[in-house]
Structure formats: C-alpha cells, structure tokens
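Understanding the architecture of this molecule
What follows is the residue order along each chain.
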Amino acid sequence: MPVLEPVPLPEYEGVTYISLRAFREKGPEQTIKDVKDFQSRETDVIICTYLKAGVHWLDEIITMLVNNTTTLASGTKGQRTLEGITELSVLDSLPSPRILNTHLSFKYIPTKHVQNKGKIVHMIRNPKDICVSLYHHARRDVVMNYDVPWETYFENWMSGKVFYGSWYDYELEMEEASLQYPGIIYTCYYEDFKREPKTQIRKLADFLEITVSDQILENIIEATSFKNMQSKKTDHTKFVNMKEEKGFIYRKGDIGDWKTHFTVNQNNRFDAQFKERMKNSKYTITFE
Ligand code: A3P
C-alpha cells in the first residue's frame, strides 16, 4: 500500500477527523453517510471505541473467539474500519459473522445495525492514558499530520479539539445509547482486560454467545498478549513517519503511562474536568 501524502484534515459538523482514504476520496459528509447507510447483517459485530482504547487488541481477541482459533490474524483491523473504506461493498465478500469496527460516535453507526439489534462491543479506557497514547500516535501518523509539542496538544485535548471530537462526548453518547438500546452494547474496560484477561474474555464470549474452553482461553490470552502482538503483528510502520521499527500501534500497552507525561498542574486540571463531565456517569474508570 503506498504511503499517503499529508492533506488538510477533514471536518464534519465541527469535528476534525483523520484523513483516512475514504475521507480523502469521498469527503467527510459522504463517508459518514455511507457508514450510516451501510447494509449491516444481523450477525455483524461492530467494535466501537474512541481512539487508542484498544481496538487492535479487542479485534484480535474477538476474531479468535469467533473463528475458534488462537493464531494471530494475518490482516489488520484497519481493513474493516467502516469510515476508512471507500467502497463499503468490499465487505460483502466477508463471511458471517463479520467483525467490523469504527471510531465514529454512536449517532453515525449503521442505522440498520441498531434496528437489527446487532451486537456492539465497546471498549473504554481511562482518558489520561488515551490522551498520552493519542499524542504519540498523532505525531507520527501521516493521516493526522499533527506534530505539536505536548503542552499544545494537552490544551487541545482539554478543549475537546482532538480527532473524532472530545472523549467525553463520545463516551457519554455511548452510555446514553446503552440505556436507549438495552442489551446490544457490551461495554468493557481496557484496564480490566489487562488485570484479569481470563474473566474478561469469558464474559465477552458469553455476550457473543460463544462457548470457549479453558485451554483455548489461555491460548488466546497468550497469543494476544502485548508482547506477542507487538512482535508479530504488522505495526503500520511502513505507512507512517516513523524512524523506529516498532511501537506505533503497539507502543507500551501499560496502565498509567500518563504519569510520565502529565505535570501536577495538568493532572489537577484534568481531574477537575473529568469530575465535572462525568458527574452523572456510571462508568467505573480507573487510572492506575
Ligand atoms: P499505548 O499507546 O498506551 O501503548 P488502538 O488499538 O485503539 O489504536 O489502541 C492502541 C493502544 O492499545 C496502545 O496503547 C497499544 O499499545 C495498546 N495495545 C495494543 N495491543 C495491546 C495488547 N495486546 N495488550 C495491551 N495493550 C495493547
């Protein structure tokens, strides 16, 4: 796949997106409309995550569960990211159940999927680590074209001026949707998957109505460990402005890396904003 040249970032309804191929070729309005109108199948599973919440990891786990395999997939989740695909009909050839993904907010996900009561798996990650992870990603990714100092980036995050919009808007909209459409959205936490993968993957399998043996489960955990994925999965480094060989998508995979970036003052401001924005939320988010 050829390296993409940097272009002005697409914007739609006040939100800046990243210049994925579909956004470049069709523009943001048509790209988002096509996702909304996508002819979802009843068996489709859509992974919905804000940026850097762990979609590559989750996609690999779900792919293994669905296919009853413990071998890492040869492709990447990007081949099934709805807003990244110019011609969504390419997904017609995939066997059911298709495992799709999007970072678009709930209001843009395929209408038919919601009507079908199709399954949505939503992984949430503490926003301090997301903030840091996105910073490192955005500086290197040609489709983001966003190499600014940490201090500037932090201020943009605080005012919600980041790709795909504010983390708070995304997550609160998803929480509201869970109440409005009970049973279709399965919310799980990145930190829980790190701490207790066995329990979490079993719960996820239950939601997907998949029976999985203890042995397969252990093997999935091993195969999808950060170390294994970092060494074996394609890390997109050929397509981005990176000097290092590894560490673009598979960077650190830790909980609490924000502590190596946030100043005390930044942390206090972040906490105050988090408290205010999440005051009515039932999410149980942990930062370490
Ligand atoms: P860090 O940048 O903090 O290391 P996404 O897949 O949504 O783009 O998220 C990428 C983040 O998930 C990165 O976080 C990455 O290291 C982490 N990640 C990827 N694979 C992982 C795995 N197998 N286990 C734990 N974390 C993983």
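Overview of the structure. Because the structure is predicted, anything quoted here is derived from the model rather than measured. (Residues numbered from 1 in each chain as written. Predicted model: local features only at pLDDT ≥ 70, side-chain atom pairs only at ≥ 80, totals over all residues. Heavy atoms only, no water.)

**Some words on the sheet that holds strand β4 (residues 99–102)**
Strand-to-strand pairing in sheets goes through backbone hydrogen bonds, with the strands running parallel or antiparallel. Strand order in the open sheet formed by 4 strands is β4-β3-β5-β6, and the pairing between neighbours is parallel. Both edges of this open sheet fall to β4 and β6 (185–189), since each of them pairs with a single strand only. Across the sheet, the mean angle from the axis of one strand to that of its neighbour is 25°, orientation sign disregarded. When strand β3 (residues 45–49) meets strand β5 (residues 119–124), the two strands line up parallel, connected through 5 bridges. Residue pairing for β5: I46 is matched across the bridge by I120. Running at roughly 155° to β5, helix α9 (residues 197–207) makes contact with β5 and β6 of the sheet. (Pairing = 2+ DSSP bridges. Helix = DSSP H or I, 4+ residues; strand = E, 2+ residues; numbered from the N terminus. Axes fitted to C-alpha atoms, helices over the stretch in contact; angles between N-to-C directions. Contact = heavy atoms within 4.5 Å.)

**A few points about unusual backbone geometry**
For the bond from S96 to P97, the omega torsion is -5°, close enough to zero to count as cis. Mapped onto the fold, P97 is located in the loop between α3 (55–67) and β4. Phi angles above zero are rare outside glycine, and E13 is one such case at about 45°. The exposed category is assigned to E13, whose relative accessible area is 56%. (Buried < 20%, exposed > 50% of the residue type's maximum accessible area, 1.4 Å probe, protein only.)

**A word on the site of the ligand**
Surveying the vicinity of the ligand reveals 19 residues, the closest of which are H56, S133, Y190, K252 and G253. In this structure, H56 approaches the ligand through a side-chain N or O atom, which is 2.6 Å from an oxygen atom. Protein burial of the ligand: of its 560 Å² of free accessible surface, 98% is covered by the chains. For the shell around the ligand, the element with the most residues is α3, which contributes 3 residues. Each residue belonging to the shell around the ligand can be placed in one class, and the counts come to 8 nonpolar, 6 polar and 5 charged. (Near = heavy atom within 4 Å. Polar contact = N/O pair within 3.5 Å; in protein donor to acceptor, adjacent residues only side chain to side chain. Areas by Shrake-Rupley, 256 points an atom, 1.4 Å probe, with all protein chains shown as cover. Nonpolar A, V, L, I, M, F, W, Y, C, P; charged D, E, K, R; others polar.)

**Description of the nonpolar core**
If you look at the biggest cluster of nonpolar residues, it comprises 59 residues, and the most contacted ones within it are Y153, W157, F163, Y164, W167 and I285. Only α2 (28–36), β3, β5, α5 (127–140), α6 (150–158), α7 (167–180), β6 and α12 (264–277) provide two or more residues apiece to this core. Tallying contributions element by element places α5 first for this core, with 6 residues. Once residues within four sequence positions are removed from consideration, Y153 is found in contact with I130, C131, L134, Y135, Y146, V148 and V162. W57, I62, V212 and A223 belong to the second-largest nonpolar core, a separate cluster that totals 31 residues. (Core = buried A, V, L, I, M, F, W, Y, C linked by side-chain atoms within 4.5 Å.)

**With respect to the packing of α3 against α9**
Following both chains from N to C, one finds α3 and α9 inclined at 60°, their axes separated by 11 Å at the closest point. One element, α3, and the other, α9, form an angle in the oblique class. Crossing of α3 against α9: the hand is right-handed. In contact with L58, I61, I62 and L65 of α3, α9 contributes I201, L204 and A205. The residue inventory of the contact of α3 with α9, partitioned by class, reads 7 nonpolar, no polar and no charged. (Parallel < 35°, antiparallel > 145°, perpendicular 65-115°, else oblique. Left-handed = near helix turned anticlockwise from the far one by under 90°.)

**Side note on the packing of aromatic side chains**
The geometry of an aromatic ring pair is captured by two quantities: the separation of the ring centres and the angle between the planes. Applying the stated criterion to the full structure yields 24 aromatic pairs. Considering the side-chain rings of W150 and F154, the 5.8 Å spacing of their centres and the 45° angle between planes classify their relative orientation as tilted. Linking W150 with F154, this pair stays in helix α6, spanning 4 residues, or about one helical turn. With respect to burial, W150 and F154 carry one shared label: buried. With 5.3 Å between their ring centres and 55° between their planes, F262 and F270 make a pair best called tilted. By the burial criterion, F262 is buried, and F270 matches it. The ring of W258 has K128 sitting right over it, with the charged end atom 4.2 Å from the ring centre. (Phe/Tyr/Trp six-rings, centres within 6.5 Å; stacked < 30°, edge-to-face > 60°. Lys NZ or Arg CZ within 6 Å of the ring centre and 35° of its normal.)

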